[in-house]
Amino acid sequence: MVQATPFLLVLFLALGAHGLPAKKCSLTGRWVNDLGSNMTIESVNANGVFAGSYHTAVTATSNEIKVSPLQGSQQKGPNQKGQPTFGFTVNWSFSDSITVFTGQCFVDDDGKEVLKTMWLLRSRVENIKSDWKATRVGNNVFTRL
Ligand code: BTN
């Protein structure tokens, strides 16, 4: 029995955390991204629908930045394994633009939750000839505040 103890210890360490339930990533709460923008996501309902608010640190306009509403949806399918995909729209309250974000909620190697996203920012342009320059694309990484 005494000799079995180190064996069991080695076996446990070799198995690592695989036998334990993996930490899940939850969208609910306050987040900050790599630009310094802050976002609050209220509770996600049973259908995966959520709402919240977004305080961007930057703007493509010369308007005064104001906190803006967001509405989104999280995948509730059976294969999300605690790291769900999601999307949300920010309807900017201080400009004529709309941004859609899509991403996935991950738990990183340190056990920290991180949202990896890509976005499309659609600005209003005066006419169809200007459509080509109306959409910006980028990515943001959010960590929990
Ligand atoms: C506008 O300039 O018309 C509205 C604000 C847009 C802010 C963009 S959305 C994508 C990127 N990520 C942020 O946190 N802010 C910028």
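My aim in this report is to walk through the structure given alongside it, one point at a time.

Cut-offs applied
- Residues numbered from 1 in each chain as written.
- Predicted model: local features only at pLDDT ≥ 70, side-chain atom pairs only at ≥ 80, totals over all residues.
- Heavy atoms only, no water.
- Disulfide = S-S within 2.5 Å.
- Helix = DSSP H or I, 4+ residues; strand = E, 2+ residues; numbered from the N terminus.
- 1 Å grid on protein atoms, 1.4 Å probe; cavity = no way out; pocket = protein on both sides within 12 Å on 5 of 7 lines; lining within 4 Å.
- Points joined across faces, edges and corners; volume = space filled by probe spheres on them.
- Nonpolar A, V, L, I, M, F, W, Y, C, P; charged D, E, K, R; others polar.
- Near = heavy atom within 4 Å.
- Polar contact = N/O pair within 3.5 Å; in protein donor to acceptor, adjacent residues only side chain to side chain.
- Areas by Shrake-Rupley, 256 points an atom, 1.4 Å probe, with all protein chains shown as cover.
- Sits in = over half its atoms within 2 Å of the grid points.
- Salt bridge = Lys/Arg side-chain N within 4 Å of Asp/Glu carboxyl O.
- Buried < 20%, exposed > 50% of the residue type's maximum accessible area, 1.4 Å probe, protein only.

Here's the deal with the state of the cysteines
Phase 1 of the analysis: Per the counting criterion, the structure on display carries one disulfide.
Phase 2 of the analysis: A sulfur-sulfur separation of 1.8 Å characterises the disulfide bridge that pairs Cys25 with Cys105. Taking the torsion about the S-S bond as the criterion, the Cys25 to Cys105 disulfide, at about -75 degrees, is left-handed. Of this pair, Cys25 sits in the loop between α1 (4–15) and β1 (29–33) while Cys105 sits in strand β6 (residues 98–107), and the two are 80 residues apart along the sequence.

Considerations on the layout of surface pockets
Phase 1 of the analysis: A volume near 260 Å³ is recorded for the largest pocket.
Phase 2 of the analysis: Along the walls of the largest pocket sit 19 residues, with Thr56, Val58, Trp92, Thr99 and Leu121 positioned nearest its centre.
Phase 3 of the analysis: Sorting the residues of the lining of the largest pocket by element identifies β6, β7 (113–122) and β8 (135–144) as the ones contributing at least two each.
Phase 4 of the analysis: Considered class by class, the residues forming the lining of the largest pocket number nine nonpolar, nine polar and one charged.

Some details on the site of the ligand
Phase 1 of the analysis: Surrounding the ligand, one finds 16 residues, the nearest of these being Ser37, Tyr54, Thr59, Ala60 and Asn140.
Phase 2 of the analysis: Between the ligand and Ala60, the relevant distance is 2.8 Å, taken from an oxygen atom to a main-chain nitrogen or oxygen of the residue.
Phase 3 of the analysis: A distance of 3.0 Å separates an oxygen atom of the ligand from a polar side-chain atom of Ser97.
Phase 4 of the analysis: Protein coverage of the free-state accessible area of the ligand, which is 410 Å², stands at 98%.
Phase 5 of the analysis: Because more than half of its atoms lie within 2 Å of the grid, the ligand is assigned to the largest pocket.
Phase 6 of the analysis: The class makeup of the residues in the shell around the ligand is seven nonpolar, nine polar and no charged.

Some details on the pattern of salt bridges
Note that side chains of opposite charge can pair when their charged atoms are close.
Phase 1 of the analysis: Inspection of the entire model under this criterion finds three salt bridges.
Phase 2 of the analysis: With a shortest N-O distance of 2.5 Å, Glu113 and Arg144 are connected by a salt bridge. A residue pair is termed long-range when its members are at least 10 positions apart, and Glu113 in strand β7 and Arg144 in strand β8 qualify at 31 residues.
Phase 3 of the analysis: For Glu113, a relative accessible area of 11% puts it in the buried group.
Phase 4 of the analysis: Of the charged contacts in the structure, one is a salt bridge between Asp131 and Arg122, with a shortest N-O distance of 2.8 Å.
Phase 5 of the analysis: A residue is classified by how much of its surface remains accessible, and Asp131, at 37% relative accessible area, is partly exposed.
Phase 6 of the analysis: Look at Arg122 and you get partly exposed, because its relative accessible area is 35%.

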